[in-house]
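# Architecture at a glance
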Amino acid sequence: MTAKNTTPVKKPRVGPRAQTKKSVTKAYAAQSPGARLAPFQIERRDLRPQDVQIEILYSGVCHSDIHMVRNEWGQTIYPIVPGHEIVGKVTAVGTKVTKFRRGDLAGVGVMVDSCRECENCQKGLQQYCKVGMVGTYSARDRNGDITYGGYSKQIVVDENYVLRVSDRLPLAQVAPLLCAGITTYSPLRHWKVGKGHKLGVVGLGGLGHMAVKLGASLGAEVTMLSTSPDKEKDARRLGAHNFALTSDAAQLKERAGYFDFIIDTVSAKHDYNLYLHLLATDGVMICVGAPPTPAEVALFSLIGGRRSLAGSGIGGIPETQEMLDYCAEHGISSDIELIDVDYVNEAYERVLKSDVRYRFVIDMASLT
Ligand code: NAP
Ligand code: ZN
Ligand code: ZN
C-alpha cells in the first residue's frame, strides 16, 4: 500500500451548493408590475460539471414576456429579467459537458431544467414535467434561486437544456424559433398536420407567422385569420394561401365548416366560438395563445361536428432540436425587427398594438 492510498482524502463537495462563486452580468429587468424595463445587474452561477456558459448575442421578445413583466398570469417573481428566445456562443463548459465546446453556437428556450425522472421527462416532454419545468426566467430553480432570462449578456444552463444551433441561418432570425417556432411546430407535428389538410391560423404575430411558415412547409393549405387588413400581403408572402379578415362576418361565414385544424395564437381576450364554427367535422382547434382571462366556450360549437378544443405548450427538448434542424434544412427562420435593448419598452407597446413585423429581437451587443 502506498502512502498516497493511506492518506485520508478530503472528498470534494459535490452537488448544487458546492459552487458559490458567481459572475456579475448586465441585464434588463422590471422591478414591479407597472415598471419599465431598465438596466440591472444579476449574478450567474459558476459552472457546475454539466453547465454551459453562453454569451447571449440575440434575444427574442415574446408576448409571454409582456404577460409576465406585467404579472398578468399572477405568477411573476420580481425582479424579472425576461427573454426565452436565446441564441449565442458557448464561452465555457463544465468538466463533464459532452455536447458542446467553446465557440459553438447554442440556443436556450423557455425552460432550463425539469425533474428528469417523471414519465413526461423520460419521454422528452419536459415541458409537461409532473414536478414542473423550471422556466428560463421568473421561476425558482431546483436550488430555490430565481432564474433570469435572455435580456442579459450571458447565461449558464445545464447542457441537457441547451440546443444546438446551425450556422446555416442568420442567427438573429433563429432566436424566435426557440419559443415561437417550437410552440407552433409541436402541435403541427403532434396532430400530423400536412398535405391534404386545411389549416387556419388565428393572429399574425410572432407565433402566427411561424405557424404560417411551418404549416405551409409541411404541406397544409394555410388560411390566415387576422384582424389586420394590412397584413394580407405579408401573410401571403409568408406562405398563406388564403386570407380572411375576422372582423368581417361575411368572410368568416364563407368558411364555416372548412378547416381540419385551427391554431389560435391570440394573446388577448377574444371569442373562440367564432372560430370553432369554422372547423369541419372532427376538426381540432389548438390554442397556443394564452390570454390572462378564462374563455367562454359554447359547448354546442363542439357537439355539432364532434369538434375538439385543445391546447399545446412549447415543446420538449428533443422536439425543439428536431424543429431547429428542420428549419435549418428548409431555410425557415423568423421575420424580425432587430432592436437595441433600450427600445424594448417601446417594442412592448407596439406588440400590444399588433404592430410588429413579426418578432422583435434584441441585439444584445447594444447592452453595454
Ligand atoms: P403577438 O406577436 O402579440 O401576436 C398575437 C397576435 O394576435 C397579434 O399580432 C394579432 O394578430 C392577434 N391579436 C392580438 N390581440 C387580439 C385581439 N384582441 N383579438 C384578436 N386578435 C388579436 O404575440 P405572440 O408572441 O405570438 O404570442 C401570442 C400568445 O401566445 C401570447 O398569449 C403568448 O403568451 C402565448 N404563448 C404561448 C405559448 C405556449 O406554449 N402555448 C408559447 C409562447 C407564447 P392580427 O393582427 O393578425 O389579428
Ligand atoms: Zn415565448
Ligand atoms: Zn419531470
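Residues numbered from 1 in each chain as written. Chains lettered and ligands numbered in written order. Predicted model: local features only at pLDDT ≥ 70, side-chain atom pairs only at ≥ 80, totals over all residues. Heavy atoms only, no water.

Protein-derived coordination of the zinc ion (ligand 3) comes from C115 (SG), C118 (SG), C121 (SG) and C129 (SG), at a distance range of 2.3 to 2.4 Å. For the zinc ion (ligand 3), the four donor atoms in the first shell make angles of 103 to 120° at the metal, a pattern classed as tetrahedral. Written as a sequence motif, the donor arrangement for the zinc ion (ligand 3) is C-x2-C-x2-C-x7-C. Of this pair, C118 sits in the loop between β6 (111-113) and α3 (119-122) while C129 is found in the loop between α3 and β7 (134-135), placing the two residues 11 residues apart along the sequence. Neither residue differs from the other here; C118 and C129 are each classed as buried. (Donors = N, O, S within 2.8 Å, 3.2 Å for Na, K, Ca; no water. Tetrahedral: all angles 85-135°; square planar, octahedral: opposite > 155°, others 65-115°. Helix = DSSP H or I, 4+ residues; strand = E, 2+ residues; numbered from the N terminus. Buried < 20%, exposed > 50% of the residue type's maximum accessible area, 1.4 Å probe, protein only.)

This next bit is on the sheet that holds strand β10 (residues 198-202). In a beta sheet, neighbouring strands are held together by backbone hydrogen bonds and run either parallel or antiparallel to one another. Strand order in this open sheet of six strands is β12-β11-β10-β13-β14-β15, and the pairing throughout is parallel. Strands at the two margins of the open sheet, each flanked by one partner only, are β12 (242-245) and β15 (308-311). Between one strand axis and the next, the sheet turns by 20° as a mean value, whatever way the strands run. Here strand β13 (residues 259-264) runs beside strand β14 (residues 279-287); their pairing, made up of five bridges, is parallel. Opposite D264, over in β14, you have C287 as the bridge partner. On top of the sheet, helix α6 (residues 206-217) reaches β10 and β11 (221-226); it is set at about 165° to β10, its chief contact. (Pairing = 2+ DSSP bridges. Axes fitted to C-alpha atoms, helices over the stretch in contact; angles between N-to-C directions. Contact = heavy atoms within 4.5 Å.)

One pass over the structure, following the stated rule, counts three aromatic pairs. Their ring planes at 50° and their centres at 5.8 Å tell us that Y185 and Y326 sit as a pair that is tilted. Taken together, the residues Y185 in helix α5 (residues 180-190) and Y326 in helix α11 (residues 317-330) connect sequence positions 141 residues apart. Judged by its relative accessible area of 14%, Y326 is buried. The ring of Y258 has K198 lying over it, and the distance from NZ or CZ to the ring centre is 5.1 Å. (Phe/Tyr/Trp six-rings, centres within 6.5 Å; stacked < 30°, edge-to-face > 60°. Lys NZ or Arg CZ within 6 Å of the ring centre and 35° of its normal.)

Here α6 is 12 residues long and its end C-alpha atoms lie 17 Å apart, about the 16 Å a rise of 1.5 Å per residue gives. Within α6, 10 of the 12 residues are buried, which leaves the element mostly enclosed by the surrounding structure. Where α6 is concerned, the buried positions are G206, L207, G208, H209, M210, A211, V212, K213, L214 and G215. Positioned one or two residues after α6, G219 has a phi angle of 105°, which is positive. (Expected span 1.5 Å × (residues − 1).)

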